[in-house]
2 protein chains.
Amino acid sequence: MADNKIPYKIYLEESEMPKAWYNVRADMKNKPAPLLNPATLKPMTAEELGHVFCDELVAQELNDTDAYIEIPEEIRSFYRMYRPSPLVRAYCLEKKLGTPAKIYYKFEGNNTSGSHKLNSAIAQAYYAKKQGLKGVTTETGAGQWGTALSMACAYLDLDCKVYMVKVSYEQKPFRREVMRTYGASVTPSPSETTEVGRKILQEHPGTTGSLGCAISEAVEAATTHEGYRYVLGSVLNQVLLHQSVIGLETQAALKKYDIKPDIIIGCAGGGSNLGGLISPFMGENLRGEANYKFIAVEPASCPSLTRGKFAYDFCDTGKVCPLAKMYSLGSGFIPSPNHAGGLRYHGMSSILSQLYHDGLMEARSVEQTAVFEAAEQFARVEGILPAPESSHAIRVAIDEALKCKETGEEKTIVFGLTGTGYFDMVAYEKFNNGEMSDYIPTDEDLKPGFDSLPKVD
Amino acid sequence: MADNKIPYKIYLEESEMPKAWYNVRADMKNKPAPLLNPATLKPMTAEELGHVFCDELVAQELNDTDAYIEIPEEIRSFYRMYRPSPLVRAYCLEKKLGTPAKIYYKFEGNNTSGSHKLNSAIAQAYYAKKQGLKGVTTETGAGQWGTALSMACAYLDLDCKVYMVKVSYEQKPFRREVMRTYGASVTPSPSETTEVGRKILQEHPGTTGSLGCAISEAVEAATTHEGYRYVLGSVLNQVLLHQSVIGLETQAALKKYDIKPDIIIGCAGGGSNLGGLISPFMGENLRGEANYKFIAVEPASCPSLTRGKFAYDFCDTGKVCPLAKMYSLGSGFIPSPNHAGGLRYHGMSSILSQLYHDGLMEARSVEQTAVFEAAEQFARVEGILPAPESSHAIRVAIDEALKCKETGEEKTIVFGLTGTGYFDMVAYEKFNNGEMSDYIPTDEDLKPGFDSLPKVD
């Protein structure tokens, strides 16, 4: 189809939306390593995981053989409220850059959670409801996941307890109110409401918190309240499974117009967006059907893939969670408070870690002022004010498009625009006032994190 | 087509998007009264208006004969960045209410300005650019219009000076940062930067401002800076013209599925959304082709249609603007500071005023706690956190749907969901904390406003 026939936004029909999630583990030769019981160092059994997670989600977590897992009709009906999300051709950005590259972005921000997080939130809340639970507990960093879960719980009439990383709680009071409007209770973490929170506060008074620490509190709250389970917005296999809806829709939209991407780019914190976006394309690569290039983009201030170690580590600061094999900066790593937005997690999804370790994906780290420059440039021509997290992917997409400008190559670049920055205006204000600075940890800075890695392998 | 075939979201193809705006004045028997020169009390000539507005916009302002005015390709290309907007079937709300009514909403919030305002902002900025101007000035209340104009100006590389009603400037600091990110300068109004601002501050020290006052300042700034013109986000004929894109898309989307609405509902501040949404449908009524019922919804605390006078009045507090014939509370009316969000303007579009005066449209006023109750209910089932302004329409849509529940009527209700409430969390917080109160002005409260009406007719 002629290039000029490609609309600004490619929407699938509701009937074309995916009916099953894609499980990339089924096509991986080297499967991601299993979660380990921190006491026995043996792989976690379904029964053990069942104390923390809903049964159906445990099954999904452990399933590395089925390539497709059906999306229940109730979840698909919720998806229809805000999906399909558009695959946008960035005509205006291309023009502004003067690049021969063709840029597309899958925009996941057109819902009140402001991000892709809703895709997994509704799935996890649905299975909790199906199991007859009273409610769920979780942590949230930048707030998108907490908002998404609150929305899903309000829809299904489930109770929702959110532990919010303190620095975000303070920088984003309005996020808290969105969650409260959806009926959730929100506690800044670390808090005095859990044993692990009290311990962390004692050891690190004045800490602004971290995702790892909020996870510990949420897990404790789930396991000490009758009828509750814990849910997590990233990192886990089940989350990447649910987020595959992003990649499946992208794949279908590209197919509709016979577009073949060269490079697929996503920001990476815990890996939920990146994993969801690239999974189906990675599947093509793994089956020898394609040869896409994948780039994970992470902040230079929290560089788990580019500078972390591939090892078993705790998923949380309080060390109450199972061990996961992943690229990690160590659960003792606490990112600099000058770092804006999410992507603050010390580790990385086991699936993505394995793929990266096997050389099937690239990774790049970028500094935050360069990220906000890209965000501003994008906002002014494409009309969408992006989240700082998403803007990491924009930065590298622009860099790749500018390379094409130099070489004259007409590459097709697809990136994930995970969300909007409407609750990140404190960071934008800093940038607008020229008060934003960069931070690259020295090896010395990273040492305490690495020292916290357990000795397992 | 069978009811169950109607998707959750009806999207037009880009090729189905309107190529011309619809000018309802062409079909009105009683045309809206012309703007008057405040000095001579004679109708403003194109030349006089040209000192304040761009030439092309003056022509549109005065044109009450052409039913269709072509949308320039440059504007249509900008529209394609964020339009068509979805017409959403509120399946989940219907189910929650248990109503036999069928509810649809045209959702205009999926863009960074968070509202429909972008539809006119890009048009006005485009004509300013085409005329070779340096920039534009404007006022903004809740902030959507200022954001929209900043976005349009950034896209076209025009300077943008925004006077922001002080109460919003203080309640919504993040709105200011969005505008700054798009390169606009933002001044809280009333300010010391204009003569009229200084005068208002002297007469009403400590005032939290009003749209009427910010308009005066913006007009003064435009007429005292070389190469600038003033632009306005509502009230004017030209704005309703541009906003007709909302109604035209809605009409086309309904037609696609052979849906015939019974009631069309919109919130009304200055009238831009309501006018834009209903214009094409009103045209059908005026031509005797249909018999839709229209309901304008306004806040009980700023009831220009339901309690105002139909008379010539100043559009601004400083009385520097032309006089418009409209339903008005008087330019001296200042709404209660406890009132959340926009819809704070003392007057109402001349077009809508005339239609209302001729009995072609109904109006209803609602109190704000009832509005936020509707907002919360809507958010929890439909997933979108609505703007307080838009929630006025939700309130009445729910009321009408509940009436259908009582009577068993299967009416089809369409309402305009103008935008999202992400920058209104101060108001939501008040509501969440049970601290929101209602305010209905007494006749005594309205007296100073009415006393400020000029003696013209």
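Going by the structure above, here's the rest.
Residues numbered from 1 in each chain as written. Chains lettered and ligands numbered in written order. Predicted model: local features only at pLDDT ≥ 70, side-chain atom pairs only at ≥ 80, totals over all residues. Heavy atoms only, no water.

Visitor: What is the right way to read the overall build of chain A from this model?
Guide: Secondary structure assignment for chain A yields 18 helices and 15 strands. Computed over C-alpha atoms, the radius of gyration of chain A comes to 20 Å, within 12% of the 23 Å expected from 2.2 N^0.38 for 457 residues, which places it in the range of a compact globule. Each of the three principal axes of chain A carries a C-alpha extent, and together these read 60 × 50 × 45 Å. Of all intrachain contacts in chain A linking residues separated by at least 6 positions in sequence, the fraction that spans at least 24 positions is 77%. Total accessible area on chain A is roughly 15,200 Å²; 49% of this is exposed by carbon and sulfur atoms. (Helix = DSSP H or I, 4+ residues; strand = E, 2+ residues; numbered from the N terminus. Rg over C-alpha atoms; globule rule 2.2 N^0.38 Å. Contact = heavy atoms within 4.5 Å. Areas by Shrake-Rupley, 256 points an atom, 1.4 Å probe, with all protein chains shown as cover.)

Visitor: How do you make sense of the layout of surface pockets when you look at a structure like this?
Guide: The rolling of a water-molecule-sized probe over the atoms marks out the regions of remaining empty space. Reported here for the largest pocket is a volume of approximately 700 Å³. What lines the largest pocket is a set of 31 residues, and nearest its centre among them are Pro7 and Lys9 of chain A together with Leu12, Glu13 and Glu14 of chain B. Only strand 1 (9–10) of chain A together with strand 1 (9–10) and helix 3 (73–82) of chain B provide two or more residues apiece to the lining of the largest pocket. Considering only residue class, the lining of the largest pocket consists of 17 nonpolar, two polar and 12 charged. (1 Å grid on protein atoms, 1.4 Å probe; cavity = no way out; pocket = protein on both sides within 12 Å on 5 of 7 lines; lining within 4 Å. Points joined across faces, edges and corners; volume = space filled by probe spheres on them. Nonpolar A, V, L, I, M, F, W, Y, C, P; charged D, E, K, R; others polar.)

Visitor: How should the relation of the copies chain A and chain B be read in this particular structure?
Guide: One copy of the chain maps onto the other through a rotation about an axis plus a displacement along that axis. With an axial shift of 0.0 Å and an RMSD of 0.0 Å, the rotation relating chain A to chain B amounts to 180°. Taken together, the rotation and translation relating the two chain copies correspond to the operation of a two-fold axis. When each C-alpha of chain A is compared by its distance to the rotation axis, asparagine 110 of chain A comes out closest, at 3.0 Å. The residues that chain A uses at the interface reappear at the interface of chain B in 100% of cases, marking a shared surface. (Least-squares fit on C-alpha atoms with pLDDT ≥ 70 in both.)

Visitor: I keep staring at the packing of aromatic side chains and nothing clicks. Help me out?
Guide: Each aromatic ring pair is described using two quantities: the centre-to-centre distance and the angle formed by the ring planes. This model, assessed by the stated rule, comprises 37 aromatic pairs over all chains. When the centroid spacing of 4.7 Å and the interplanar angle of 75° are considered together, the rings of phenylalanine 78 of chain B and tyrosine 155 of chain B count as edge-to-face. Of this pair, phenylalanine 78 of chain B sits in helix 3 while tyrosine 155 of chain B sits in helix 6 (residues 144–156), and the two are 77 residues apart along the sequence. Aromatic side chains phenylalanine 378 of chain B and phenylalanine 415 of chain B sit 6.2 Å apart centroid to centroid with 75° between the ring planes, which places their arrangement in the edge-to-face category. One end of the pair, phenylalanine 378 of chain B, is in helix 15 (residues 368–382); the other, phenylalanine 415 of chain B, is in strand 15 (residues 412–417), and 37 residues separate them in sequence. Of the two residues, phenylalanine 378 of chain B and phenylalanine 415 of chain B, neither departs from the other in class, the shared state being buried. Within the aromatic cluster, the residues linked to one another by ring pairs are Phe78, Tyr79, Tyr82 and Tyr155 of chain A. Taking NZ or CZ as reference, arginine 176 of chain B lies 5.5 Å from the ring centre of tyrosine 169 of chain B, over its face. (Phe/Tyr/Trp six-rings, centres within 6.5 Å; stacked < 30°, edge-to-face > 60°. Buried < 20%, exposed > 50% of the residue type's maximum accessible area, 1.4 Å probe, protein only. Lys NZ or Arg CZ within 6 Å of the ring centre and 35° of its normal.)

Visitor: Looking at this structure, I do not really get helix 2 (residues 55–62) of chain B. What am I missing?
Guide: Helical geometry note: an α-helix holds 3.6 residues per turn, so side chains three or four residues apart project in the same direction. Restricting attention to buried positions, one finds in helix 2 of chain B the residues Leu57, Val58, Gln60 and Glu61 of chain B. In a view along the axis of helix 2 of chain B, the buried residues occupy a sector of 160°, so they form one face of it. (Arc of directions from axis to C-beta.)

Visitor: Explain the sheet that holds strand 4 (residues 87–89) of chain A to me, please; I cannot follow it from the model alone.
Guide: Strand pairing in a sheet relies on backbone hydrogen bonds, with the paired strands running either antiparallel or parallel. Spatial ordering of the open sheet is given by 1-4-5-15-10-11-14 (chain A), a layout of seven strands whose pairing is mixed. Looking at which strands have only one partner, the edges of the open sheet turn out to be strand 1 and strand 14 (362–366) of chain A. (Pairing = 2+ DSSP bridges.)

Visitor: Explain the packing of helix 8 (residues 173–181) of chain A against helix 17 (residues 425–432) of chain B here, please?
Guide: Packed helices, taken two at a time, are described by their axes: the angle between them and the distance between them. Running from N to C, helix 8 of chain A and helix 17 of chain B cross one another at 45°; their axes reach a closest spacing of 9 Å. Comparing their axes, helix 17 of chain B and helix 8 of chain A come out oblique. The two elements helix 8 of chain A and helix 17 of chain B meet at a crossing, and its hand is left-handed. Contacts between helix 8 of chain A and helix 17 of chain B involve Phe174, Arg176, Glu177, Val178, Arg180 and Thr181 of chain A on the former and, on the latter, Met425, Val426, Tyr428, Glu429 and Asn432 of chain B. (Axes fitted to C-alpha atoms, helices over the stretch in contact; angles between N-to-C directions. Parallel < 35°, antiparallel > 145°, perpendicular 65-115°, else oblique. Left-handed = near helix turned anticlockwise from the far one by under 90°.)

Visitor: Before we go on, may I ask you to explain the environment of phenylalanine 333 of chain A in this structure?
Guide: Take phenylalanine 333 of chain A: it is sitting in the loop between strand 13 (323–328) and helix 14 (350–357). Spatially, the C-alpha atom of phenylalanine 333 of chain A lies 36 Å from that of proline 261 of chain A, the residues being 72 residues apart in sequence.

Visitor: Hey, could you run me through the interface of chain A and chain B in this one?
Guide: Interfaces are often described in size by the accessible area the parts lose on coming together. Of the residues lining the interface, 43 residues belong to chain A; the matching set on chain B comes to 43 residues. Taking both partners together, chain A and chain B bury about 4,100 Å²; carbon and sulfur atoms supply 56% of that area. At the boundary of chain A and chain B, one finds four salt bridges. Between arginine 176 of chain B and glutamate 429 of chain A there is a salt bridge whose closest N-O contact spans 3.1 Å. (Buried area = accessible area lost by both parts, 1.4 Å probe. Salt bridge = Lys/Arg side-chain N within 4 Å of Asp/Glu carboxyl O.)

Visitor: Explain the state of the cysteines to me, please; I cannot follow it from the model alone.
Guide: Defined simply, a disulfide is a covalent bond joining two cysteines at their sulfur atoms. Residue and element names in this part refer to chain B. Inspection of every chain in the model, using the stated rule, returns zero disulfides over all chains. Its sulfur unpaired, cysteine 321 is 5.9 Å from the next cysteine sulfur, which belongs to cysteine 315. Given the relative accessible area of 7%, cysteine 321 is considered buried. With no disulfide of its own, cysteine 404 has cysteine 92 as its nearest cysteine by sulfur position, at a separation of 19 Å. (Disulfide = S-S within 2.5 Å.)

Visitor: Sorry, what's going on with helix 6 (residues 144–156) of chain A here?
Guide: Its 13 residues place the ends of helix 6 of chain A 18 Å apart at the C-alpha level, agreeing with the 18 Å of an ideal helix rising 1.5 Å per residue. Regarding helix 6 of chain A, the residues found buried are Gln144, Trp145, Gly146, Thr147, Ala148, Leu149, Ser150, Met151, Ala152, Cys153, Ala154 and Leu156 of chain A. (Expected span 1.5 Å × (residues − 1).)

Visitor: Would you mind going over the environment of lysine 96 of chain B with me for this structure?
Guide: Residue and element names in this part refer to chain B. Of note, lysine 96 is situated in helix 4 (residues 91–97). Separated by 286 residues in sequence, lysine 96 and glutamate 382 have C-alpha atoms that sit 10.0 Å apart. Contacts of lysine 96, omitting those with residues within four sequence positions, involve Gln377 and Val381.

Visitor: Even after reading the chapter, I still don't get the pairing of strand 6 (residues 135–140) of chain A, so can you show me in this structure?
Guide: Remark: a regular strand shows side chains that alternate across the two faces of the sheet. Residue and element names in this part refer to chain A. Of all six residues in strand 6, six are buried, a share of seventy percent or more. Because side chains alternate across strand 6, one face comprises the buried residues Gly135, Thr137 and Glu139, and the other comprises Val136, Thr138 and Thr140, equally buried. As paired strands, strand 6 and strand 7 (residues 159–165) are joined by six bridges and run parallel to one another. Of the residues in strand 7, the one forming a bridge with threonine 137 is lysine 161. In this structure, strand 6 lies alongside strand 9 (residues 228–230), joined through three bridges in parallel fashion.

Visitor: How should I be thinking about the pattern of salt bridges in this particular structure?
Guide: Side-chain pairing between opposite charges can occur once the charged atoms of the two side chains come close. Tallied over the full model, the rule gives 54 salt bridges over all chains. Close ionic contact of lysine 106 of chain A with glutamate 249 of chain A constitutes a salt bridge, the shortest N to O distance being 2.7 Å. Of this pair, lysine 106 of chain A sits in strand 5 (residues 102–107) while glutamate 249 of chain A sits in helix 11 (residues 237–256), and the two are 143 residues apart along the sequence. Across this residue pair, the class does not change: lysine 106 of chain A and glutamate 249 of chain A are buried. Residues arginine 83 of chain B and glutamate 108 of chain B are paired through a salt bridge, measuring 2.7 Å at the closest nitrogen-oxygen approach. Of this pair, arginine 83 of chain B sits in the loop between helix 3 and strand 4 (87–89) while glutamate 108 of chain B sits in the loop between strand 5 (102–107) and helix 5 (118–130), placing them 25 residues apart in sequence.

Visitor: So what exactly am I meant to see when it comes to the side chain of serine 390 of chain B here?
Guide: Residues and elements named next belong to chain B. Along the chain, serine 390 turns up in helix 16 (residues 388–407). On the accessibility criterion, serine 390 (0% relative accessible area) is buried. Leaving out residues up to four positions away in the same chain, serine 390 has contacts with Cys267, Gly416, Leu417, Thr418 and Gly419.

Visitor: Would you mind showing me how to read unusual backbone geometry here?
Guide: Comment: phi is negative for the bulk of residues other than glycine, and the bulk of peptide bonds are trans. Residue and element names in this part refer to chain A. Cis geometry is found at the peptide bond from serine 189 to proline 190, where omega equals 5°. Even without being a glycine, aspartate 157 presents a positive backbone phi close to 60°. Locating aspartate 157 in the fold gives a position in the loop between helix 6 and strand 7. A relative accessible area of 65% means that aspartate 157 is categorised as exposed.

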